[in-house]
Structures are given as C-alpha cells and as structure tokens.
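Read off the chains here:
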Amino acid sequence: MSYREEIAEITERKLIDNGDIFDYSETPLEIHCNKIFLYYKKLIENNSDLYNIEPNFFFFKNNTNINASAYIKGENTLTSINIGTIHKLKSTLLDNEKTMNEVFGESIQAINQILIEKGTSVMEFMYHSAIIFLMNHEIGHLIQNNGESEKHINESIEEPKNFEIESHIFEVDSDIFASMKLTQDIHQVWLKFEEKYRTDEFLCDLISLASSAIGIFKFFNFSAKKEIYYKEKSHPHIAVRFIIIQENIVDYISHIRKPEISEEYKDKMMLNSFALIETLNKVHKDSFFDDFTKIVNQNSDELEEYAKYLIKEVATNEKCAYYKMKALEK
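None of these values were measured; they are calculated from a predicted model.

Caption draft 1: Summary view of the overall build of the chain. Per the secondary structure count, the chain includes 13 helices and five strands. Whereas a compact globule of 330 residues would reach a radius of gyration of roughly 20 Å, the chain reaches 19 Å, a difference of no more than 12%. For the chain, buried positions account for 54% of its 330 residues. Accessible surface, the chain as shown: approximately 15,200 Å² in total, 46% of it carbon and sulfur.

Okay, here's the thing in structure tokens:
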C-alpha cells in the first residue's frame, strides 16, 4: 500500500480529519518521508501479530510543532509524526554535514569515512537512529494500550496533564522498548560491515552515535524543562529518560553480543555519547542545557534512584510493552 492509499483509507474510515494529514508527494520532503513511511510499515508487519495492533495506519500530521502521537480508535491503531518533527531532525542533523565535519574530532571523522564507503555518513546514521527510535516509541504506546477502544498518547510535555506515576512508567517503557529495537537494528547493520570493521570498538562507536542522536533530539524538542524534576508533570524529565535509554542500550548490546562487551567499552559508549551531545549542543545552541554532563553528574544519585524505580515498575507491569516483549521470549 502506498502512502496516498494509506491516507485515503484513514480518511474513508473517518479516523483523522483530512486537513490534519500532510501529503508529502511532490514536496521537498518526499524522499525522506517515503523512507520513513516504508520503514514504519515494515515495523508494523514485524510487530502486529505479536502484539495485536492491527489494523494499523500511519500518517504525517500537518503540524509544524515537534511532536508524535499514537492513537487507538475502536479496532484501529494509528501513529503520526508531525511534519515539523521531520523538518527539525533534518535541520539538526542532515543539513549540518559540513559544519559537523569541521567540529568533530579525528575519531568521529574516521567513523564518517567508514560510513561514507557504505553510502551514508555519521549525520545520516544519527538521523535514521532518531527516526527509528521515535517510531518504535510510538509502537510501544500502541502495545501498552492494545485493549483500549479510545486512546490518544501525545509526546509533547506541553499537554495540560497532571502528574500520574503510570504516565511516567509508560513513557519509560516505550523508551526501553524503542531502545531495544534500535539496538537490534544497529547490531544487524554492524554485521553487514566487512570483517575488519566487525569489532566491539566499532560497534560501540555506532551505539554512541545512535544514543547521542536520541539525546540531542530530545533536548532540542518536546518543550523540555531545564530544572530536573522527578514525580511531577506528565512525562519524566529528559535527563531521567536519557539515562535510562543510554543504560538500556549499552546493557542490551552487551546482551546481544556473545561474549558480552567489556566494562571498558560500556563506559566508553556512555562517555562518548555525552561528549557527542556536548559537541552538537555547542554548534546548534538551541538546547536549554549549557553543560548536560555537568548537570547529570551533579544530580547523579537522584537520577539513578528514580530511574531504577521506574525500570522496576516497567518490568513488573503487565501492560508494558517491555513486559509483553519479555513474555514472548519465554
């Protein structure tokens, strides 16, 4: 099914108002959007039967704000990404290749050359990593609520919603689900490289790029707050979420690899991700963090404590996508 056929069926079923749907055909974003649409349909094909989220539809929302949403309407599930999100990701990452090449150190420039040989680049890899994470995050929300008849889950923290611990648990759950799916993808990409590049060091480099892309995108978007909070607002603080995402990615790639990745490389992945975020932050200057690493270090005990609490709740909550994913593995 093509994108135009998809949005025609969405309109015919009266799931979304036609004016809210962005038709990317014959626009400057057509190639980018079509790749995202096709990848999403592949994700649904791989997950729908396992998690009972069919029939499912995808559309780009005709909205310039940074946001994404999951919808459940009757027997239908939908996912949308605001077209403003694609604009922002493109401008943050893809449109800054030359600038990034000038500010990145030798190690990242060396990785860039390896990726160029494969027809991509560091910035393109980061762009796709952020997109893959975002789409899987929304699928995580659909999995959580596949027994509902009406549900709308909005990613923006601007939504006027009171604090509920369950909302924090479900946001972290979708982050964990998405980070595991992204890590699986990165491992498959790594396996396709020539043998000389299939080292733990290069795999860790790819993981660092992906996790920093998630971090920098979240810091620049979704109306995040500078002051760290815990049991407040509709979504957990960005710092809490990034710590959980990063630690989960690092632990999961080590789990996938046999034998497991050394503690040295685990530490390296974490440190490299923070360093990349600081580099990108200095270039763009539109993030609210002046020194994210410093802020995390200053609040490390509280961040870890709340992160551990949320992870424990996710692991024992039968509605969570992570819980359902692990149940299928048994």
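What follows picks up the thread again.
Caption draft 2: Summary view of the pattern of salt bridges. If you walk through the whole model with that rule in mind, you get nine salt bridges. Its salt-bridge partner being Arg13, residue Glu9 comes within 2.8 Å of it at the nearest N-O pair. With a relative accessible area of 21%, Glu9 lands in the partly exposed category. Judged by relative accessible area, which is 38%, Arg13 ranks as partly exposed. The residue Arg257 makes a salt bridge to Asp200 at a minimum N-O spacing of 3.1 Å. With Arg257 in the loop between helix H9 (238-256) and helix H10 (263-284) and Asp200 in helix H8 (residues 200-220), this pair connects stretches of sequence that are 57 residues apart. The network of salt bridges with common partners includes Glu171, Asp175 and Arg241.

Caption draft 3: Just the nonpolar core, in detail. Ile36, Phe59, Phe60, Ile81, Ile86, Val122 and Leu209 are the most contacted members of the largest nonpolar core, which totals 105 residues. Per-element tally for this core: the top contributor is helix H6 (residues 122-144), with 14 residues. Not counting the four nearest positions on each side in its chain, Ile36 is found in contact with Phe58, Phe60, Ile81, Ile86, Tyr127, Ile131 and Met135.

Caption draft 4: Quick peek at the packing of aromatic side chains. One pass over the full model with this rule turns up 16 aromatic pairs. Ring geometry for Phe58 and Phe60: centres 5.0 Å apart, planes at 90 degrees, overall edge-to-face. Take Phe58: its relative accessible area is 0%, and that puts it in the buried class. Under the relative-accessibility criterion, Phe60 is labelled buried at 0%. Taken together, a centroid distance of 5.9 Å and an interplanar angle of 35 degrees make the contact between Phe59 and Tyr71 tilted. Of this pair, Phe59 sits in strand S2 (residues 56-61) while Tyr71 sits in strand S3 (residues 68-73); the two residues are twelve residues apart in sequence, bridging distant segments of the chain. Put simply, the rings of Tyr3, Tyr24, Phe37, Tyr40, Phe58 and Phe60 pair up and form one aromatic cluster.

Caption draft 5: Main features of helix H2 (residues 30-51). Across its 22 residues, H2 extends 30 Å between first and last C-alpha, which sits within 8% of the 32 Å expected from 1.5 Å per residue. The axis of H2 is deflected most strongly, by about 30 degrees, at Glu45. Residues of H2 that are buried include every one of Cys33, Ile36, Phe37, Tyr39, Tyr40, Leu43, Ile44, Asn47, Ser48 and Tyr51, and no others. Two residues or fewer past H2, Asn52 is found with a positive phi of approximately 60 degrees.

Caption draft 6: Quick look at the sheet that holds strand S4 (residues 76-82). The five strands are arranged S1-S2-S4-S3-S5 in an open sheet whose pairing can be described as mixed. Either end of the sheet is taken by a strand with one partner, and the two such strands are strand S1 (21-22) and strand S5 (150-154). Where S3 meets S5, five bridges bridge the pair, whose relative direction is antiparallel. The residue bridging Tyr71 from the neighbouring strand is His152, located in S5. Against the sheet, H2 touches S2 and S4, its axis set at about 155 degrees to S2.

Caption draft 7: Quick peek at the environment of Asp301. Within the element layout of this structure, Asp301 appears in helix H12 (residues 300-316). Residues Asp301 and Met1, 300 residues apart in the sequence, show an inter-C-alpha distance of 49 Å.

Caption draft 8: Highlighting the layout of surface pockets. Its volume calculated, the largest pocket comes out at about 830 Å³. Surrounding the largest pocket, 29 residues form its lining, Tyr39, His128, Ile132, Asp185 and Val189 being those nearest its centre. For the lining of the largest pocket, the element with the most residues is H6, which contributes nine residues. Here the lining of the largest pocket is built from residues that sort into 13 nonpolar, nine polar and seven charged.

Basis of the calculations
- Residues numbered from 1 in each chain as written.
- Predicted model: local features only at pLDDT ≥ 70, side-chain atom pairs only at ≥ 80, totals over all residues.
- Heavy atoms only, no water.
- Helix = DSSP H or I, 4+ residues; strand = E, 2+ residues; numbered from the N terminus.
- Rg over C-alpha atoms; globule rule 2.2 N^0.38 Å.
- Buried < 20%, exposed > 50% of the residue type's maximum accessible area, 1.4 Å probe, protein only.
- Areas by Shrake-Rupley, 256 points an atom, 1.4 Å probe, with all protein chains shown as cover.
- Salt bridge = Lys/Arg side-chain N within 4 Å of Asp/Glu carboxyl O.
- Core = buried A, V, L, I, M, F, W, Y, C linked by side-chain atoms within 4.5 Å.
- Contact = heavy atoms within 4.5 Å.
- Phe/Tyr/Trp six-rings, centres within 6.5 Å; stacked < 30°, edge-to-face > 60°.
- Expected span 1.5 Å × (residues − 1).
- Bend = angle between axes of the 7 residues up to and from the residue.
- Pairing = 2+ DSSP bridges.
- Axes fitted to C-alpha atoms, helices over the stretch in contact; angles between N-to-C directions.
- 1 Å grid on protein atoms, 1.4 Å probe; cavity = no way out; pocket = protein on both sides within 12 Å on 5 of 7 lines; lining within 4 Å.
- Points joined across faces, edges and corners; volume = space filled by probe spheres on them.
- Nonpolar A, V, L, I, M, F, W, Y, C, P; charged D, E, K, R; others polar.

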